[in-house]
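Take a look at the letters that make up each chain.
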Amino acid sequence: MWNNLNIQVLTQSQSFIHVLVTPPALEQPWLCTGIYGPPHPAARSDFWQDFPIIFPNITNSTSWLLIGDFNEVKNQSEKKGGRQVNYSETQPFLTMIDQMGFINLRFRGDPYTWTNNQQGQDNILERLDRALATPYWRMANPHAVVTRLPRIASDHAPILLRTKAIEWQGQKNYKFEHLWLTHPHLNQVVTSAWTQQSDVESALNLQLKLITTGQTLMDWNKDTFGHLPTLIRKSTNKFRGHNISAPFIMARNYHIG
């Protein structure tokens with residue numbers, strides 16, 4: 001995985017290892033931080049709140065990747081089974097992501113990366129392992145994708161990061177969903193993502209804004225509406241069960257680009 005890369009450890013602690021990655025040839029160096037989120041909620045909250053202090057000179061115009069076991073879910077969609085997500089516990093993590101300008105990398109496979117190894121109703125699944133990046137890193141690695149690998153002899157499933165282009169079928173274009181226009185928070189989501197500060201030149205800044213806003217909208221769509229094709233299918237089947245046509249529940253897709 002690290003073939004032909006020069007890795008220099010810059011700093012480390014019990015919760016992270018921070019390295020400088022220097023690729024071969026003319027590719028630009030970038031920062032990578034391997035994360036192990038503290039297992040106890042109070043210590044984890046302190047870690048996320050101290051994150052901007054630990055890394056004070058890094059902005060969203062820095063090429064920086066975070067990857068590992070964050071021991072944290074973002075919302076209820078990332079947990080199945082067990083007690084409901086306590087949003088007061090997750091808020092420091094979400095605030096850190098917003099403050100540092102991170103975006104989620106594209107993820108393939110089963111979204112749950114951890115299990116408590118119990119059976120039946122006692123089983124709990126969570127997405128604790130992920131990769132986050134600054135928009136600058138994402139723009140430099142537009143084909144990057146994180147894949148969940150099979151879980152073997154562990155409660156965690158390993159994740160694999162690929163930064164190079166891979167030929168795969170069925171890749172979809174970014175779509176603007178007409179349903180979004182019905183939500184009162186849409187303007188706020190777009191404005192917040194678009195107005196994130198950046199100190200790079202104007203042409204590059206425009207690209208960063210487009211990437212950040214598009215990724216933010218896709219994450220917001222998943223958190224707010226869920227998986228639209230599944231919702232549409234379930235709603236359609238429900239109406240059909242009552243012998244009622246459902247022309248108004250079909251969301252229209254508008255392509256950008």
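Here the structure is shown first, and the text comes after it.
As a starting point, this report considers the structure included with it. Model, not experiment: these values are computed from the prediction.

Evaluation of the coordinates by the stated rule reveals 5 salt bridges. Of the charged contacts in the structure, one is a salt bridge between E78 and R127, with a shortest N-O distance of 3.9 Å. Of this pair, E78 sits in the loop between β4 (64–69) and β5 (79–80) while R127 sits in the loop between β9 (125–126) and β10 (129–133); the two residues are 49 residues apart in sequence, bridging distant segments of the chain. Here the two residues E78 and R127 agree in accessibility, since each one is buried. Each of E78, R127 and R130 takes part in a single network of salt bridges with overlapping partners.

This paragraph deals with unusual backbone geometry. The phi angle at N71 is positive, at roughly 55°, despite the residue not being glycine. Tracing the sequence through the fold places N71 in the loop between β4 and β5. For N71, a relative accessible area of 17% corresponds to the buried category. At A153, a residue that is not glycine, the phi angle is positive and equals roughly 55°.

Rules and cut-offs
Just so you know, the residues in each chain are numbered from 1, in the order the chain's sequence is written. Where totals are concerned, whole chains, interfaces and linings use all residues; where local detail is concerned, this predicted model gives features only for residues with pLDDT of at least 70, and gives and counts side-chain atom pairs only at 80 or more. Computation of side-chain values: all heavy atoms of the structure, hydrogens and water removed. The rule for a salt bridge is simple: a side-chain nitrogen of Lys or Arg has to be within 4 Å of a carboxyl oxygen of Asp or Glu. Secondary structure elements are defined from DSSP: runs of H or I of at least 4 residues count as helices, runs of E of at least 2 residues count as strands, and each element is numbered from the N terminus. Exposure categories follow from relative accessible area, calculated using a 1.4 Å probe and restricted to protein chains: below 20% of the type maximum is buried, above 50% is exposed, and the middle band is partly exposed.

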